[in-house]
Structure formats: structure tokens, C-alpha cells
Amino acid sequence: MDVSDLQEDLMVEEDSMDDLIRDRFRLSAISIAEVEAKKSGMEIAGPVVACVADLAFKYAENVAKDLELFAHHAGRKVVNMDDVVLSAHRNDNLAASLRSLCNELKAKEPQSERKRKKVSTKKDDKASSSNAGRTTDL
């Protein structure tokens, strides 16, 4: 087996994983639509549910791409909550809900796990280095 065969196998495996994720997402979206329709006492035609599921998947793909771009633009390799909030900037209600959720999560996070940044200015550094050389007579 040569390198091109391995690459082809990896691509086929990746495509099948993408199909699996898409199918699971689609099934979940269909289940949610059916449950919500039932709660409301409505019926939804099968093609409409399938269309909504496909649109939801395409929307999720676009949001994921946006999140990657936001993180990359900020010089990070990992998406964080700020990126998620930023992705909702066109929808005021969603953005407000995400900010609220973000604040709740931050409040629940133990203080020891939060990253603390040591704020040090050049004045502080100069003052501490000049004081380090002085001794006082008592």
C-alpha cells in the first residue's frame, strides 16, 4: 500500500464521518421539530421537516466556519465563548442569551481555575528594581 492509497482511505473515512455527523444532526433536528409540532398541536409535512433539518445543518456549518475564522483572526487555535457570542451579533436576542449564559458559566467557575493575568507596567518594574538596591537604616 503506498501513500496515495493511505490518503484516499483517510479521505473516505473522513467523508463517512462527515456523513454520519450530518445524518445524526438531521435526525435530531427532525425529532425536535416533531416534538415541538406535537406540543403545539400541529402537524408538519415530511418534506418540510427534512428541509428545516437541512437548513439547520447548513446554518450550523456556517456558524462553525465563522467561529474558526474569529478564533484565527484573534490569533488563537481554539474557539472560546467570546467567539460564540460574536457569531450571534446579527441576532440581538440570541446574543443577549449567549452573554447571559456566558456570565452564568463564569460565575459558576471556581476562582482557582480562572486564568489570572499578572498586570505589570514598566513603572512598577522600574520602581521595584530601584527599591531592590536600596537599604534603609533603622
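First things first, this report covers the structure right here in the doc. (Residues numbered from 1 in each chain as written. Predicted model: local features only at pLDDT ≥ 70, side-chain atom pairs only at ≥ 80, totals over all residues. Heavy atoms only, no water.)

## What about a nonpolar patch on the surface?
On the surface, M17, L20 and I21 cluster together into a nonpolar patch covering about 270 Å² of accessible area. For M17, a relative accessible area of 45% puts it in the partly exposed group. (Patch = residues over 30% accessible without salt bridge, like charges linked within 9 Å, V, L, I, M, F, W, Y side chains within 5 Å. Areas by Shrake-Rupley, 256 points an atom, 1.4 Å probe, with all protein chains shown as cover. Salt bridge = Lys/Arg side-chain N within 4 Å of Asp/Glu carboxyl O. Buried < 20%, exposed > 50% of the residue type's maximum accessible area, 1.4 Å probe, protein only.)

## Points about the packing of aromatic side chains
Counted according to the given criterion, the structure contains 1 aromatic pair. Aromatic side chains F25 and F57 sit 5.4 Å apart centroid to centroid with 65° between the ring planes, which places their arrangement in the edge-to-face category. Placement of the pair is F25 in helix α1 (residues 3-39) and F57 in helix α2 (residues 46-73), with a sequence separation of 32 residues. Residue F25 is classed as partly exposed on the basis of its relative accessible area, which comes to 30%. (Phe/Tyr/Trp six-rings, centres within 6.5 Å; stacked < 30°, edge-to-face > 60°. Helix = DSSP H or I, 4+ residues; strand = E, 2+ residues; numbered from the N terminus.)

## Observations concerning α2
The terminal C-alpha atoms of α2 lie 41 Å apart, and with 28 residues this matches the ideal 40 Å at 1.5 Å per residue to within 8%. Residue G75 follows α2 closely and has a positive phi angle near 80°. (Expected span 1.5 Å × (residues − 1).)

## Focus: helix α4 (residues 92-108)
Its 17 residues give α4 an end-to-end C-alpha distance of 24 Å, which sits within 8% of 24 Å, the value for a rise of 1.5 Å per residue. All of the buried residues along α4 are A95, L98 and C102. Take α4 and look down its axis: the buried residues cluster within an arc of 65°, on one side only. Along α4, the residues that are exposed and aim more than 90 degrees away from the buried face are D92, N93, A107 and K108. Elements that come into contact with the buried residues of α4 comprise α3 (81-87). Where α4 begins, the side chain of N91 points an oxygen toward the backbone nitrogen of N93, at a separation of 3.3 Å. (Arc of directions from axis to C-beta. Contact = heavy atoms within 4.5 Å. Polar contact = N/O pair within 3.5 Å; in protein donor to acceptor, adjacent residues only side chain to side chain.)

## Concerning the nonpolar core
Core analysis: the biggest nonpolar cluster contains 5 residues, these being A29, I30, A33, V49 and A53. At the level of elements, α1 and α2 are the ones that each hand at least two residues to this core. Here the element with the most residues in this core is α1; it accounts for 3 residues. (Core = buried A, V, L, I, M, F, W, Y, C linked by side-chain atoms within 4.5 Å.)

## Considerations on the pattern of salt bridges
Scanning the model with the defined rule gives 5 salt bridges in all. The salt bridge partner of D54 is R26, with a shortest N-O separation of 2.8 Å. Note that D54 is positioned in helix α2 and R26 in helix α1, a separation of 28 residues in sequence. Overall, D54 belongs to the partly exposed group, its relative accessible area being 32%. Here K39 makes a salt bridge to E36, at a shortest N to O gap of 3.3 Å. Here K39 pairs with E36, and both are found in helix α1, just 3 residues apart, close to one helical turn. The partly exposed category is assigned to E36, whose relative accessible area is 39%. Ionic contacts of the salt-bridge type, sharing partners, join the residues D19, R22 and D23 into one network.

## Some points on a negative patch on the surface
A cluster of acidic residues, D5, E8, D9, E13, E14, D15, D18 and E61, forms a negative patch at the surface. Among the elements that take part in the negative patch, α1 stands out by supplying 7 residues, more than any other. Looking at where D5 falls in the secondary structure, it is placed in helix α1. Under the relative-accessibility criterion, D5 is labelled partly exposed at 34%. (Lys, Arg positive; Asp, Glu negative; His and termini not counted. Charge placed at Lys NZ, Arg CZ, Asp CG, Glu CD.)

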